[in-house]
Amino acid sequence: MQEPQPSDAERAVSIAMTTAWMYARQVEGQLDRVMNGGGDALHVMDGHALVIAVSNVRRAVTMAVRHIGHHMAAEQLQTALKRFDTAYPGVTDARNMLEHFDEYSLGIGNSQQPGISRSKRTTDMLLGDLYRISFDYSNKESVPRAIRVANVAIPFQRLSSAVGILPHQIWAAAKTAAGQPIGIQAMDDFVGYDHDRIV
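All figures in this text were calculated on a predicted structure; none of them were measured in a lab. (Residues numbered from 1 in each chain as written. Predicted model: local features only at pLDDT ≥ 70, side-chain atom pairs only at ≥ 80, totals over all residues. Heavy atoms only, no water.)

1. Structural notes on the overall build of the protein chain
Right, on to step 1. Across its full length, the protein chain holds eight helices and three strands.
Right, on to step 2. Secondary structure elements of the protein chain, listed N to C terminal, follow the sequence α-α-α-α-α-α-β-β-β-α-α.
Right, on to step 3. The C-alpha extent of the protein chain, read off along each of the three principal axes, is 65 × 45 × 30 Å.
Right, on to step 4. A buried classification covers 41% of the 199 residues belonging to the protein chain.
Right, on to step 5. Surface exposure of the protein chain reaches about 11,300 Å², of which carbon and sulfur atoms provide 53%.
Right, on to step 6. Of the charged side chains in the protein chain, 19 are positive and 21 negative, and the gap between their average positions amounts to 3 Å. (Helix = DSSP H or I, 4+ residues; strand = E, 2+ residues; numbered from the N terminus. Buried < 20%, exposed > 50% of the residue type's maximum accessible area, 1.4 Å probe, protein only. Areas by Shrake-Rupley, 256 points an atom, 1.4 Å probe, with all protein chains shown as cover. Lys, Arg positive; Asp, Glu negative; His and termini not counted. Charge placed at Lys NZ, Arg CZ, Asp CG, Glu CD.)

The structure is reproduced here in structure tokens:
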């Protein structure tokens, strides 16, 4: 007897969950490198990779929401994503600025010249100079407390935990969709995640 094959939707959710796990692990590693880096060019490259990894975990959750095919499971994931976005607003904007460096470094990015079609934007190097990765430090510490891409700051406090819970929430939603409901709070409790300490 042949094993039943997963549907395309189930495969998409599985890919989303695997991808979220992979990038959540990358966030842990990149965050450690950024926190312990020496402020040189590698520090900036690690910061770039950190922002992209955080964004990709978030993107994996949105992929799961689109494909899960179960109303309660989709709502679960949307709630998890909303609470992440509330704690860490601007992740998508920071990612967009980094990925579209060819526009933002010249001051012609979408958020730099909103309402103007791309073909009519003119280079503005003053705006372009505002586009860069930097790190926020507290007054007495040499360890950064946030990464900043232009005017968007992503704080490091509990970032690894906030990202790390998202693959677990995809798994819980998949179980919910399969008829074995596991709610957001149940998964938080299981892994020891305290959302209230983030916001």
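Structure's up, so let's keep going.
2. So, unusual backbone geometry
Right, on to step 1. One non-glycine residue, Ala150, adopts positive backbone phi at about 55°.
Right, on to step 2. Along the chain, Ala150 falls in the loop between strand E2 (144-149) and strand E3 (152-155).
Right, on to step 3. A positive phi angle, close to 60°, is found at Arg158, a residue other than glycine.
Right, on to step 4. Mapping Arg158 onto the fold places it in the loop between E3 and helix H7 (159-177).

3. Details of helix H1 (residues 8-36)
Right, on to step 1. The end-to-end C-alpha distance of H1 is 42 Å, a good match for the 42 Å that 29 residues give at a rise of 1.5 Å each.
Right, on to step 2. Along H1, the positions that sit buried rather than exposed are Ala12, Val13, Ala16, Met17, Ala20, Tyr23, Ala24, Val27, Gln30, Leu31 and Val34. (Expected span 1.5 Å × (residues − 1).)

4. Topic: the confidence of the model for the protein chain
Right, on to step 1. For the protein chain, per-residue confidence averages 89 on the pLDDT scale, and 94% of positions sit at 70 or higher.
Right, on to step 2. Helix H3 (residues 71-87) holds the highest mean pLDDT among the elements of the protein chain, 95, whereas helix H8 (residues 184-191) holds the lowest, 83. (pLDDT = per-residue confidence, 0-100.)

5. Points about the packing of aromatic side chains
Right, on to step 1. On inspection of all chains with the given rule, the structure shows two aromatic pairs.
Right, on to step 2. Summarising the aromatic geometry, the rings of Tyr104 and Tyr131 are spaced 6.3 Å apart at their centres and angled 35° between planes, so their arrangement reads as tilted. Taken together, the residues span a long stretch of sequence, with Tyr104 in helix H5 (residues 101-104) and Tyr131 in the loop between helix H6 (125-130) and strand E1 (133-137) at a distance of 27 residues.
Right, on to step 3. Look at Tyr104 and you get buried, because its relative accessible area is 6%. (Phe/Tyr/Trp six-rings, centres within 6.5 Å; stacked < 30°, edge-to-face > 60°.)

6. Digging into the pairing of E3
Right, on to step 1. Side-chain alternation along E3 places Val152 and Ile154 on a buried face and Ala153 and Pro155 on a face that remains uncovered.
Right, on to step 2. Relative to E3, E2 runs antiparallel, the two sharing four bridges. Across the sheet, residue Ala146 finds its bridge partner in E3, namely Pro155.
Right, on to step 3. Connecting the antiparallel pair E2 and E3 is a turn made up of two residues, with Ala150 showing a positive phi of about 55°. (Pairing = 2+ DSSP bridges.)

7. A look at the sheet that holds E1
Right, on to step 1. Taking strand neighbours across the sheet as the criterion, the three strands line up as E1-E2-E3 in an open arrangement whose pairing is antiparallel. The open sheet has two free edges, formed respectively by E1 and E3, since each of these has just one partner strand. Sheet twist, expressed as the average angle between the axes of neighbouring strands with direction ignored, equals 30°.
Right, on to step 2. Along the sheet, helix H4 (residues 91-99) contacts E1, E2 and E3; its crossing angle with E3, the most-contacted strand, is approximately 120°. (Axes fitted to C-alpha atoms, helices over the stretch in contact; angles between N-to-C directions. Contact = heavy atoms within 4.5 Å.)

8. Observations regarding the pattern of salt bridges
Once the charged atoms of two side chains with opposite charge are near each other, the side chains can pair.
Right, on to step 1. Summed over the entire model, instances satisfying the criterion amount to six salt bridges.
Right, on to step 2. Between Asp46 and Arg33 there is a salt bridge; the shortest N-O distance is 3.1 Å. Separated by 13 residues along the polypeptide, Asp46 in helix H2 (residues 41-67) and Arg33 in helix H1 bring together distant segments of the chain.
Right, on to step 3. Residue classification places Arg33 among the partly exposed residues on the basis of a relative accessible area of 43%. (Salt bridge = Lys/Arg side-chain N within 4 Å of Asp/Glu carboxyl O.)

9. Structural notes on the environment of Val51
Right, on to step 1. Within the secondary structure, Val51 is located in helix H2.
Right, on to step 2. When the C-alpha atoms of Val51 and Ala64 are compared, they prove to be 20 Å apart, with 13 residues separating the residues in sequence.
Right, on to step 3. If we ignore the near neighbours within four places in the chain, the residues touching Val51 are Ala94, Arg95, Leu98, Ile147, Val149 and Ile154.

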